[in-house]
Amino acid sequence: MTSETRTEAVTERPEQDPGALRDLIGKARVVLWDFDGPVCGLFARHKAERVATELVEWLEGRGLRDLLTQEERRTLDPQIVLRAVDRRHPNSDLVIDLEERLTNEELKATSTAMPTPYADPLIRTWTAVGARLAITTNNSARVVRTYLASRDLTLCFSPHIYGRTQALNLLKPDPHCLGRALNAIGAAPGSALMIGDAPTDFLAARAAGVPFLGYARNERKAGLLREAGASVIVDSLEPVLRAVKQQG
């Protein structure tokens, strides 16, 4: 996801029905978390836009400017740059080098990442009441582990952290990482819940047969989730935390 300000208000929406939220939470025995967004704002200060620009410049410095379309060169999302190169040169040394550069930038970002409000207590509370938690993300698993360790949250998820691999064609919206998590935990899709903030999260959850809870910190993000088909969306994790406490 790209970096944005967190000041834009989200208006009340029909998707934030308390009954629908309670129903989702009540059925969830396994919770699959996207990372950048629901858990933290990874690029809160180490901006994703700058990372994307530097990846493009790195390619241009190697005479590979024409490898990207004009739209891709202007993107504010480093994941788009990485996946565009992978589509044209899959499994190449170029892709391996580019992915490593992105991972290093993500690792730098962990030191200034901003915890999503209520995420830490929600993670700890859900763990305390017996839910199994996993991270299913397009970010590097190394990055996730570094961040979780900094927040003393590792034991809430470990060993179930499923991030970007060299098989970039299996990133979300492909349900691959969700399937890995469910298989490792030994859970049926219907007993799980995916929390994500992007259409790719919703599409992956739908493909895996996993119920979905959208987290949207502003109306633009909420609109994208609604357009993708998400029906239960919250603009804060506070009501989720309250519902987990009530049901726990």
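Scroll up to find the structure this text is about.
Since we're looking at a predicted model, the values are computed, not measured.

### Details of the pairing of strand 6 (residues 192–196)
Part 1 of the reasoning: The element strand 6 is extensively covered by neighbouring structure, given that five of its five residues are classed as buried.
Part 2 of the reasoning: Neither face of strand 6 is left uncovered, since the one carrying Ala-192, Met-194 and Gly-196 and the one carrying Leu-193 and Ile-195 both have all their residues buried.
Part 3 of the reasoning: Across four bridges, strand 1 (residues 30–33) lies against strand 6 in parallel orientation. Bridge pairing in strand 6 places Val-31 opposite Leu-193.
Part 4 of the reasoning: Two elements, strand 6 and strand 7 (residues 212–215), share three bridges in a ladder whose sense is parallel. Pairing of Ile-195 across the sheet is with Leu-213, part of strand 7.
Part 5 of the reasoning: One crossover worth recording links strand 6 to the parallel strand 7 by way of helix 10 (residues 199–208), and it is right-handed.

### Quick notes on the pairing of strand 7
Part 1 of the reasoning: Alternating residues of strand 7 divide into Phe-212 and Gly-214 and Leu-213 and Tyr-215, and every residue in both groups is buried.
Part 2 of the reasoning: Where strand 7 meets strand 8 (residues 233–234), two bridges bridge the pair, whose relative direction is parallel. Considered in strand 8, the bridge of Tyr-215 is made with Val-234.
Part 3 of the reasoning: Considered for its hand, the β-α-β crossover made up of strand 7, helix 11 (residues 219–228) and strand 8 is right-handed.

### Some points on the environment of Ile-161
Part 1 of the reasoning: Turning to its location among the elements, Ile-161 is positioned in strand 5 (residues 161–162).
Part 2 of the reasoning: For Ile-161, a relative accessible area of 7% gives the class buried.
Part 3 of the reasoning: Here the alpha-carbon distance between Ile-161 and Val-81, two residues 80 residues apart in the chain, equals 24 Å.
Part 4 of the reasoning: With residues near it in sequence (within four places) discarded, Ile-161 still touches Ile-135, Ala-141, Val-144, Arg-145 and Leu-148.

### A short note on the state of the cysteines
Part 1 of the reasoning: Counted under the stated rule, the structure contains zero disulfides.
Part 2 of the reasoning: For the unlinked cysteine Cys-40, the closest cysteine sulfur is that of Cys-156, found at 15 Å.
Part 3 of the reasoning: In this structure Cys-40 comes out as buried when scored by relative accessible area, which is 0%.

### Some points on the packing of helix 2 (residues 48–61) against helix 5 (residues 93–110)
Part 1 of the reasoning: At a closest axis distance of 11 Å, the pairing of helix 2 and helix 5 adopts a crossing angle of 150°. Looking at the two axes, helix 2 sits roughly antiparallel to helix 5. The element helix 2 and its partner helix 5 pack so that their crossing is right-handed. Seen from helix 2, the contacting residues are Val-51, Glu-54, Leu-55, Trp-58 and Leu-59; seen from helix 5, they are Leu-94, Asp-97, Leu-98, Arg-101, Leu-102 and Glu-105.
Part 2 of the reasoning: Here the residues of the contact of helix 2 with helix 5 are counted per class, giving seven nonpolar, no polar and four charged.

### Considerations on the sheet that holds strand 8
Part 1 of the reasoning: Strand order in the open sheet made by the six strands is 5-4-1-6-7-8, with parallel pairing throughout. Bordering the open sheet on either side are strand 5 and strand 8, each of which pairs with just one other strand.
Part 2 of the reasoning: The strands that helix 9 (residues 176–185) touches are strand 1, strand 4 (132–136), strand 5 and strand 6; relative to strand 4, the one it contacts most, it runs at about 155°.

### Description of the nonpolar core
Part 1 of the reasoning: Ranked by size, the top nonpolar core spans 58 residues in total, and within it Trp-33, Trp-126 and Val-240 carry the most contacts.
Part 2 of the reasoning: The element best represented in this core is helix 2, accounting for six residues.
Part 3 of the reasoning: The contact partners of Trp-126, leaving out residues within four places of it in the chain, are Ile-25, Val-31, Trp-33, Ala-131, Leu-133, Leu-193, Ile-195, Val-240 and Val-244.
Part 4 of the reasoning: Residues Tyr-162, Ala-208, Leu-225 and Ile-233 belong to the second largest nonpolar core, which totals 24 residues.

Procedures and definitions
- Residues numbered from 1 in each chain as written.
- Predicted model: local features only at pLDDT ≥ 70, side-chain atom pairs only at ≥ 80, totals over all residues.
- Heavy atoms only, no water.
- Buried < 20%, exposed > 50% of the residue type's maximum accessible area, 1.4 Å probe, protein only.
- Helix = DSSP H or I, 4+ residues; strand = E, 2+ residues; numbered from the N terminus.
- Pairing = 2+ DSSP bridges.
- Right-handed = clockwise from strand over helix to strand, strands pointing away.
- Contact = heavy atoms within 4.5 Å.
- Disulfide = S-S within 2.5 Å.
- Axes fitted to C-alpha atoms, helices over the stretch in contact; angles between N-to-C directions.
- Parallel < 35°, antiparallel > 145°, perpendicular 65-115°, else oblique.
- Left-handed = near helix turned anticlockwise from the far one by under 90°.
- Nonpolar A, V, L, I, M, F, W, Y, C, P; charged D, E, K, R; others polar.
- Core = buried A, V, L, I, M, F, W, Y, C linked by side-chain atoms within 4.5 Å.

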